[in-house]
Amino acid sequence: MMVLNNLLLVVVVVTSVVVVCLCVEGAEGSLSSWVKNTITTAASKAKSKATDLFSTCPPFRKHDYTTIVEMLQTNKGIGDKCDLVPIIGQSVAVDIVASVLSRATERPDRIKPPVLLLFGPPGLGKTFMTRKIKQVLLRSRFMENEEKTFKRNHETINCNNLKGENDKYLLRAIAEQLRKCKHSIIVIEELQLLPKAQADQVRPIFDHPQHVLVDGLPVDASKALFLFTSNQDYKLLTKMTTSLLKSGKRRSELRIGDFENTLNKIESFPLSGYIDHWLAFMPATRNEIVEFMTTLIREDECRKDINILYSLEIVEHVVDKYVVFNRDYPLFSKNGFRLLEGVYATKIGNKVSATVKNQRGGSFRLELTARGNIECISLHDHDEM
């Protein structure tokens, strides 16, 4: 933006001098007027272009710690009105994210990008958390029709797709994104799979974030945010979480310091020397699964514009009968939230959809049959009978 404004100033000054010279030398008034109009039009277009660039690549939104925690745990202020699933049961990750983002957005003059590693068992919300972070920083309402507008603010790269690529592939992908928008959220998934040669090429981005040359062109990474994800050695995290909960600690009170011994045992990650914060994603217990299933019912109500009557017993029946718990660590579900969505769809969601069909409005009730299946009954049809 500063470069564009300086260039605009130079153009205006130089051309103004030309105009003065033309007038002094006795040029016709019409020519002088034409030159002035041309300058004014060009300046207006340049300023408009600068404004458009800013609007499609704005700085990260500012929020304090408390507001970010509320956004992540309740979805308040982000997502569409029926996007109701929040970050469930991940107090450690939420605490660190809220702390880092609130500080980062308060320091627009920062000279180093925050680097966060989200690690833990598959399917517990690491990718989901990266999406929520984008919602918090890039807009107050994350609606599908805004996706193209804010696409230039973020980029996601999966290291599983980097095998066989040129050693500078990742470096160039990051540089290209930062040149489009220095206020970028760059997500690098499956960090443990990052080829060493590519990791070595990327190091200058973190060693000299304010000014690094990539293919002869400067790149500024100081205003970006880097999010790494990995499930490497996640069983160590599951074992430690089991120990902490059995010792009487409440899940909501756990913090990253409680996992220090586990972190010391985890094998080194590519680029681990640049990671500022480790976000431990804990496996889900029965309580988190019940909360998740209940939230999906509320989402169904909202999206179908209906009212669903159900008891906690219904939800717990589905969880206890169809969710697989870890044989070695029976406190925890073997299914991540992503697979639990499939359980919900099969056992509850599809039953609701089949009953509701194309209806808008109305009340429905979930019932447990004698054979242990879930049925969805239209209260309107039931009353008519």
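Q: Any chance you could explain the overall build of the protein chain here in plain terms?
A: If you tally the helices and strands in the protein chain, you get 14 helices and ten strands. For the protein chain, the proportion of its 385 residues judged to be buried stands at 45%. Only carbon and sulfur atoms are counted for the fraction: they give 53% of the accessible area of the protein chain, which is about 20200 Å².

Q: Can you walk me through the sheet that holds strand S1 (residues 115-119) in this structure?
A: Backbone hydrogen bonds are what pair the strands of a sheet, in a parallel or an antiparallel way. Pairing in this open sheet of five strands is parallel, and the strands run S2-S3-S6-S1-S7 from one edge to the other. Each edge of the open sheet is held by one strand with a lone partner, namely strand S2 (154-158) and strand S7 (277-280). Going from strand to strand, the sheet's axes swing by 20° on average, the running direction of each strand aside. Where S2 and strand S3 (residues 185-189) come together, five bridges link them in parallel fashion. Bridging across to S3, Thr156 finds its partner in Val187. Helix H5 (residues 126-138) contacts S1, S2, S3 and strand S6 (225-230) of the sheet and is inclined by roughly 175° relative to S3. On top of the sheet, helix H7 (residues 169-180) reaches S2, S3 and S6; it is set at about 160° to S3, its chief contact.

Q: Would you mind showing me how to read the packing of aromatic side chains here?
A: For any pair of aromatic rings, the description consists of the separation of the ring centres together with the inter-plane angle of the planes. Here the structure, examined in full by the defined rule, presents six aromatic pairs. On the numbers, 4.9 Å between centres and 50° between planes, the contact of Phe292 with Phe337 is tilted. Of the two residues, Phe292 is situated in helix H11 (residues 286-304) and Phe337 in helix H13 (residues 337-356); the sequence distance between them amounts to 45 residues. The exposure class assigned to Phe292 is buried, which follows from its relative accessible area of 3%. On the basis of relative accessibility, which here comes to 10%, the residue Phe337 falls in the buried class. Taken together, the ring pairs connect Phe206, Phe226, Phe228 and Tyr274 into an aromatic cluster.

Q: What's the story with the layout of surface pockets in this structure? I'm lost.
A: A water-sized probe, rolled over the atoms, reveals where empty space remains. Of the volumes computed, that of the second largest pocket is approximately 520 Å³. Lining the second largest pocket are 24 residues, with Gly123, Gly125, Thr127, Phe128 and Arg338 positioned closest to its centre. Where the lining of the second largest pocket is concerned, the elements lending two or more residues are H5, S6, H11 and H13. Split into classes, the residues belonging to the lining of the second largest pocket amount to ten nonpolar, eight polar and six charged.

Q: When you look at empty space enclosed by the protein in this model, what are you seeing that I'm missing?
A: Taken as a whole and assessed by the stated rule, the structure comprises one cavity of 30 Å³ or more. In terms of residue class, the lining of the largest cavity is built from six nonpolar, one polar and one charged.

About the cut-offs
- Residues numbered from 1 in each chain as written.
- Predicted model: local features only at pLDDT ≥ 70, side-chain atom pairs only at ≥ 80, totals over all residues.
- Heavy atoms only, no water.
- Helix = DSSP H or I, 4+ residues; strand = E, 2+ residues; numbered from the N terminus.
- Buried < 20%, exposed > 50% of the residue type's maximum accessible area, 1.4 Å probe, protein only.
- Areas by Shrake-Rupley, 256 points an atom, 1.4 Å probe, with all protein chains shown as cover.
- Pairing = 2+ DSSP bridges.
- Axes fitted to C-alpha atoms, helices over the stretch in contact; angles between N-to-C directions.
- Contact = heavy atoms within 4.5 Å.
- Phe/Tyr/Trp six-rings, centres within 6.5 Å; stacked < 30°, edge-to-face > 60°.
- 1 Å grid on protein atoms, 1.4 Å probe; cavity = no way out; pocket = protein on both sides within 12 Å on 5 of 7 lines; lining within 4 Å.
- Points joined across faces, edges and corners; volume = space filled by probe spheres on them.
- Nonpolar A, V, L, I, M, F, W, Y, C, P; charged D, E, K, R; others polar.

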